[in-house]
Amino acid sequence: MAAAASSALHAVGAVASAKPRSAAPAVARRRSVRVAAAAKGGPGSSGRGRMVARSAVAAKADEAAAAAGSKSGGHELLLFEALREALIEEMNLDPTVCVIGEDVGHYGGSYKVTKGLAEMFGDLRVLDTPIAENSFTGMGVGAAMKGLRPVVEGMNMGFLLLAYNQISNNCGMLHYTSGGQFKIPIVIRGPGGVGRQLGAEHSQRLESYFQSIPGLQMVACSTPYNAKGLMKAAIRSENPVVLFEHVLLYNLKEKIPDEEYICCLEEAEMVRPGEHVTILTYSRMRYHVMQAAKTLVNKGYDPEVIDIRSLKPFDLHTIGNSIKKTHRVLIVEECMRTGGIGASLRSAIIDNFWDYLDAPIMCLSSQDVPTPYASTLEDATVVQPAQIVAAVEQICQ
Amino acid sequence: MAALWLARASSQLARRAARRLPGRHGSGEPTSPWFLGAVPPPALGSPAVETSRRGFCSVRRFAGESSAAAAVDEEPENGFVASDQQAVDFPGGKVSFVAEMNFLPDSMKERINCYLVLDDDGRTISGSRFQEVSKELALKMYSEMVTLQIMDTIFYEAQRQGRISFYLTSNGEEAINIASAAALSMDDIVLPQYREPGVLLWRGFTLQEFANQCFGNKLDYGKGRQMPIHYGSNRLNYFTVSSPIATQLPHAVGAAYSLKMNKKDACAITYFGDGGTSEGDFHAALNFAAVMEAPVIFFCRNNGWAISTPTTEQFRSDGVVIRGQAYGIRGIRVDGNDALAVYSAVHAAREMAITEGRPILVEALTYRVGHHSTSDDSTKYRPVDEIEHWRTARDPISRYRKWVQGNDWWSDAEESELRSRVRKELLQAIQVAERMPKPPVTELFTDVYDKIPSNLREQEQLLRDTIMKHPVDYPTDVPV
């Protein structure tokens, strides 16, 4: 997957006159460039052709300069609608794409991501299942091995712990153990993360648990733009992909291009270029970081904010270029301290970029506690902007 | 009252059945003689999509049409209720009520009967109905059963000699393996547990291919990544064996779902043991298959033992067949050591699964003559004479041989010729497989993803460098 993506990136980068990867500061501050990778020819690809390379605007919820890069004006929608749009487009393009999950059909999904799909594509392609996560994930694996491209929805990521056996022992493994005879182009998605008083069992961060599984790819979306792009890319990928959505981000609004685009699964997103410190984050924490960034800018700091997006594998190219420039790293994650994405990212940075660091890598994570229900306690267990500001001040001393 | 209820119920059933989806063959003929008249067969000319009451609940048909069209034909009443005054209405349908409190018993007075065709002397039981087999098919079945038996013996010995690391036999289950495979078509998707190599053998996997997998050499289709006996062949529609128990059951439902989407004239069949029925995946897969009307045959090899756990400690139900009804699935119990019974049952099950779009549960009673695997010594937990009894007096191969010989289709001379030929071929295959080089180190890193990512390339380079620096610490027969 990396080979195709990187060659496509280089080609597209030349065309779109994108900001070079070793960042020069002379680019408008609020603009960020995302390069869409060329589509691979998936099944039934004859009608699809090559993807259009695009530049697009950074997605911040309050950003006014929307769709400046889009030629035909774009359209505004919420994140869950962006996911749905992606599903509809892919299901129209490829008859093997199907959706499996609880209440995805006529109910439209617990977060309305699949609303209307059953009416459009029928009961069989948008399949309501009984409550057995391990089994409908297994069903997705079996269907994928026979040529379908299922999108399996966990009503909440936490429930997918029941599907861990199928995800680890079968999804991640069967392509390998069968000697490449069977592939598993499945997408497993659902809302996760700490919400608003949903209780411990509904506030899981499964990216920690899944990150070890060989054979799996993991991405986390955070804006309507990347939600749609990542969903499409995940569906087209030949590998099993886990797409992490966040319970609190479904109603984010943004203007996205009218033209078709996909986001590269293995690529991180430059949210805010800067000089002083590299802040690596993903999903909901991106917004806490950007809120802290406002305060930091007022205090005279210039943080570079990268939404890592690809949780497995890490986009060490983008991350590395940033570290080579700033020499200081802060990781802000929602995972727990022990065994989270931050822990792995830290280790990967030390392995690869030790010589470029001027300060120890800092990592802000949730504590190693189950998420409490009481809102004050819940807020205290998630990294807040004030902590991020303090951490940057400490690093930049 | 009962007679009126029954008459009314059956006419209601007939009406309801007439509105069912047309069968795949659309012939409207009775499905099979096996099924003693409880539900009439599907009829032609029904609308493609409908809701109907089946059993006790509303059924939305998964025909891939929009749900708006599906909401049209609501049948106003459930045919199993004698009169409205004695019924209560709940989600799921109407039920009659009773004033007396009666708990359903935990078990029926008698166990479910077992379908059998051949007696212990290899003669067909008088009055038995079974699917006829031609001489050619019968002999192919017999010789494959023998081949499987010899393959098991020789590979087991090879493990004992340290030439392969692990093996597990299908001793005593040769009829299940071969006869069920013979009743399927090559388009049917097989999802095995691990004690069904005979199905792969039937489909054309060669002895050399079996040996290659067991030795994990570079010709193994699995590229040396799995333990012995974890065979898989995309070409022969046999899913690669995955060790965790019963994970293949939901896969089978998914595979059947794909067949349904593509409207294929084929079914999925999945095998599992008595122990596998305790797994959550068993329960959920059967439930899913029933709700989704997936064409799957759930084939349970009830061989009495899950390693050292006898069925008395595995479940308290009357075996496995009784559970089908709890999910709304038709089931049959057969003598798994009777090749003709297994053949007939799978033949009928397959037809029902495909033409009616429904799952079927087959429980084949048998005995695990061998140890669970080469890592087990079953004499530790069961009497040696019990094992011997089943190995000799209840051997499925001898029983079937008697029938085949009784038809004058097979002779002792042919028997010895077959056995010595297969033995020779196997020993040869093992020799070749053993000498074949192992997969190169690159194959450690390929197929984890569709294309090898940079981190794995780095790890491969690291490994290569380490091997180059310390060649004496690494095996010489693995190409770098």
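By the naming in an unreviewed UniProt entry, chain B goes by 3-methyl-2-oxobutanoate dehydrogenase (2-methylpropanoyl-transferring) and is assigned to Miscanthus lutarioriparius.

For chain A, the name recorded in an unreviewed UniProt entry is pyruvate dehydrogenase (acetyl-transferring), with Miscanthus lutarioriparius as its organism. Its UniProt record, at the heading Function (unreviewed entry), says of chain A: "The pyruvate dehydrogenase complex catalyzes the overall conversion of pyruvate to acetyl-CoA and CO(2). It contains multiple copies of three enzymatic components: pyruvate dehydrogenase (E1), dihydrolipoamide acetyltransferase (E2) and lipoamide dehydrogenase (E3)."

## Notes on the overall build of chain A
When you go through chain A residue by residue, the secondary structure sums to 13 helices and 14 strands. Relative to its full complement of 397 residues, chain A shows a buried share of 63%. Intrachain contacts of chain A at a sequence separation of at least 6 include 81% that bridge at least 24 residues. Put simply, chain A shows about 13,600 Å² of open surface, and 55% of that area lies on carbon and sulfur atoms.

## Here's the deal with the UniProt feature "domain: Transketolase-like pyrimidine-binding" (unreviewed entry) in chain A
Taken from the UniProt record, the annotation "domain: Transketolase-like pyrimidine-binding" (unreviewed entry) applies to residues 77-252 of chain A. The annotated region residues 77-252 of chain A carries 36% helix and 18% strand content, and the separation between its end C-alpha atoms amounts to 8 Å.

## Overview of the sheet that holds strand E5 (residues 189-191) of chain B
All names here are of chain B. Taken in spatial order, the five strands line up as E5-E6-E7-E11-E10 in an open sheet, and their pairing is parallel. Strands at the two margins of the open sheet, each flanked by one partner only, are E5 and strand E10 (330-335). Each strand axis lies, on average, 20° off the axis of its neighbour in the sheet, ignoring direction. Bridge count between E10 and strand E11 (residues 360-365): six bridges; the pairing is parallel. Bridged to Arg330 within E11 is Ile360. Here helix H4 (residues 174-182) sits on the sheet in contact with strand E6 (268-273), strand E7 (296-302) and E11, set at roughly 165° to E7.

## What to know about the packing of helix H3 (residues 135-160) of chain B against helix H13 (residues 396-406) of chain B
Residue and element names in this part refer to chain B. Where H3 meets H13, the closest approach of the two axes is 10 Å, and the angle between their N-to-C directions is 155°. In terms of axis orientation, H3 runs roughly antiparallel to H13. Read as a crossing pair, H3 and H13 show a hand that is left-handed. Where H3 abuts H13, its residues Ala138, Leu139, Met141, Tyr142, Met145, Val146 and Gln149 lie against Pro396, Ile397, Tyr400, Arg401, Trp403 and Val404. Looking at the contact of H3 with H13 residue by residue, the classes come out as 11 nonpolar, one polar and one charged.

## Concerning H13(B)
Counting along an α-helix, one turn takes 3.6 residues, and residues three or four places apart therefore face a common direction. All names here are of chain B. Of the residues making up H13, those classed as buried are Pro396, Ile397, Ser398, Arg399, Tyr400, Trp403 and Val404. Tucked into the core, H13 has its buried residues touching H3, H4, E10, helix H11 (339-356) and helix H14 (412-435). Residue Asp395 occupies the N-cap position of H13, its side-chain oxygen lying 3.2 Å from the main-chain nitrogen of Ile397. Just downstream of H13, Asp408 is the residue with a positive phi angle, here 65°.

Reading guide: rules and limits
- Residues numbered from 1 in each chain as written.
- Chains lettered and ligands numbered in written order.
- Predicted model: local features only at pLDDT ≥ 70, side-chain atom pairs only at ≥ 80, totals over all residues.
- Heavy atoms only, no water.
- UniProt positions renumbered as here; feature names shortened; annotations may be inferred.
- Helix = DSSP H or I, 4+ residues; strand = E, 2+ residues; numbered from the N terminus.
- Buried < 20%, exposed > 50% of the residue type's maximum accessible area, 1.4 Å probe, protein only.
- Contact = heavy atoms within 4.5 Å.
- Areas by Shrake-Rupley, 256 points an atom, 1.4 Å probe, with all protein chains shown as cover.
- Pairing = 2+ DSSP bridges.
- Axes fitted to C-alpha atoms, helices over the stretch in contact; angles between N-to-C directions.
- Parallel < 35°, antiparallel > 145°, perpendicular 65-115°, else oblique.
- Left-handed = near helix turned anticlockwise from the far one by under 90°.
- Nonpolar A, V, L, I, M, F, W, Y, C, P; charged D, E, K, R; others polar.
- Polar contact = N/O pair within 3.5 Å; in protein donor to acceptor, adjacent residues only side chain to side chain.

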